Amino acid sequence: MRDCLHFLTVIFIAVNSYGQQHLDTGIKQLFDAQMEKTEVKNAFLQVYSKSKGINIQFADSDDHMEDAPTMDNPIYTASITKMFTATAIGILKDKGKLNFEDQIYRYFPEQLMKNLHVLDGEEYSKDITIAHLLQHTSGLPDYFTGTTVDGSPNIINQLLVDTDKYWSPQEMIAFSKEKMEPHFVPGQGYHYTDTEYVLLALIIENVSGTTLDLFFQQYIFEPLGMDASYINLKSTPIKKQLPMAKFYAGDIALSSIQSLSADWGGGGLVSTTQDLIQFLVGFQEDKIIKKETRLTMQHWTHETKGMEYGFGIRKVSFNNLFDTDTHLEVIGHTGSTASFLWYCPQLDTYIAGTLNQLEASKSTLNWVFEILSLIDQH
């Protein structure tokens, strides 16, 4: 009997090992297919599931890069940052420092609030709540990519015009007030905007009495062991790391320009895929905010086909997004640099990475779905 059990154990290990190797090969093929795209100059991918025994990691670059990247190179996460800013607000809520339904004028000087939201001649600035900012339902315009009233360039189009400019949060808010118009009355629509996350970051600083980057470090990075994470142009990681991997708009590297200071509470986080997954695991397992707070943050509103948005977190239902028969969903966030961080509850699997190319950002959800579908087949 003992020999029989030993034989069966050996067979199980061999079959499991073969299946894992086959999965690794399949995901590597999907990774290589992204690297073959002409616009992609480097890419990172990590797929992790403790329950399934998966921890697959790939980093690569084209032949034109001087240094081949490794998984220890941090990446520019862009709007994945919004999950961290929203979580920081959740931490302050759990500490009794604020509530999601608080009107934001309580946390700002009168000058900043004045004319923040004026629509059809009527001011709604005092009607905006923290929840409106978190869920993109304030109606405020987007200083970063929105349309200006006079046809002048928005801030994303100014980044390469004056690469040495250092943008303050107050300048970004002033730009949205002076150059743009709100879209709707607070609470009566949905419009994705970075302006809201600059305001949220300022609330975090005003309430906590410390800077956004130090708050992240004290309440998120250190508790979760995220030693490689920091806010671009604002801080450094807990432990010395390799340089941030370059990211691009076309053939132009944006990684080192000072004007990226315009991407702050809504997009300034630099991190590794390992750190990002540690964050999302900690978020899902209620290690940094209370379960009640997390569930409130996952109260969804319609964003677009197949997508819903909570408080700094997005939900994607692939059956609606791609009109296909699948049970797979993900929650997490993406960034304009083709960065992504997702958790798939049906597979208990986390996936993080980037293609580090603005032009590739729309293709990452297809890529993620292909990878998760492959895991689902195993």
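Just above, that's the structure.
The notes below deal with the structure included here. (Residues numbered from 1 in each chain as written. Predicted model: local features only at pLDDT ≥ 70, side-chain atom pairs only at ≥ 80, totals over all residues. Heavy atoms only, no water.)

1. Describing the pairing of strand β12 (residues 314–317)
Of the two faces of β12, both are covered, the one formed by Arg314 and Val316 as well as the one formed by Lys315 and Ser317. Here strand β11 (residues 307–309) runs beside β12; their pairing, made up of 3 bridges, is antiparallel. Bridging across to β12, Tyr309 finds its partner in Arg314. Taking the residues that link successive antiparallel strands as the turn, the β11-β12 hairpin has 4 residues, and the phi of Gly312 there is positive, at about 75 degrees. By the bridge criterion, 4 bridges tie β12 to strand β13 (residues 329–335) in an arrangement that is antiparallel. In the sheet register, Lys315 faces β13, and the bridge partner there is Ile331. (Buried < 20%, exposed > 50% of the residue type's maximum accessible area, 1.4 Å probe, protein only. Helix = DSSP H or I, 4+ residues; strand = E, 2+ residues; numbered from the N terminus. Pairing = 2+ DSSP bridges.)

2. Concerning a negative patch on the surface
A contiguous patch of negative charge on the surface is contributed by Asp120, Glu122, Asp127 and Glu181. Its relative accessible area of 77% is what places Asp120 among the exposed residues. (Patch = residues over 30% accessible without salt bridge, like charges linked within 9 Å, V, L, I, M, F, W, Y side chains within 5 Å. Areas by Shrake-Rupley, 256 points an atom, 1.4 Å probe, with all protein chains shown as cover. Salt bridge = Lys/Arg side-chain N within 4 Å of Asp/Glu carboxyl O. Lys, Arg positive; Asp, Glu negative; His and termini not counted. Charge placed at Lys NZ, Arg CZ, Asp CG, Glu CD.)

3. As for helix α7 (residues 212–224)
The end-to-end C-alpha distance of α7, which contains 13 residues, comes to 17 Å, matching closely the 18 Å that a straight helix rising 1.5 Å per residue would cover. Gln218 marks where α7 bends most, by close to 35 degrees. Of the residues making up α7, those classed as buried are Leu212, Asp213, Phe215, Phe216, Ile220, Phe221 and Leu224. At its buried positions, α7 is contacted by α2 (81–94), α6 (194–208), β6 (230–231), β9 (269–271) and α8 (273–284). With its phi angle positive at about 70 degrees, Gly225 sits one or two positions after the end of α7. (Expected span 1.5 Å × (residues − 1). Bend = angle between axes of the 7 residues up to and from the residue. Contact = heavy atoms within 4.5 Å.)

4. Some details on the side chain of Ser363
Here Ser363 lies in the loop between β15 (349–354) and α11 (364–377). A residue is classified by how much of its surface remains accessible, and Ser363, at 19% relative accessible area, is buried. Contact partners of Ser363, with chain neighbours within four places excluded, come to Gln34, Lys37 and Leu355.

5. Side note on the pattern of salt bridges
Per the counting criterion, the structure on display carries 12 salt bridges. Glu303 serves as the salt-bridge partner of Arg314, at 2.8 Å between the closest nitrogen and oxygen. Taken together, the residues Arg314 in strand β12 and Glu303 in strand β10 (residues 301–304) connect sequence positions 11 residues apart. With relative accessibility at 18%, the residue Glu303 sits in the buried group.

6. Some details on the sheet that holds β13
Sheet strands associate in pairs through backbone hydrogen bonding, adopting either a parallel or an antiparallel arrangement. Ordered in space as β2-β1-β15-β14-β13-β12-β11-β10, the 8 strands form an open sheet in which the pairing is antiparallel. Each edge of the open sheet carries a strand with a single partner, namely β2 (54–61) and β10. Between one strand and the next, the sheet's axes are offset by a mean angle of 20 degrees, whatever the strand orientation. Where strand β1 (residues 42–49) and β15 come together, 5 bridges link them in antiparallel fashion. Along β15, the bridge assignment pairs Tyr48 with Tyr350. Together, β1, β2, β13, β14 (339–344) and β15 form the strand contacts of α8, whose direction differs from that of β15 by roughly 145 degrees. (Axes fitted to C-alpha atoms, helices over the stretch in contact; angles between N-to-C directions.)

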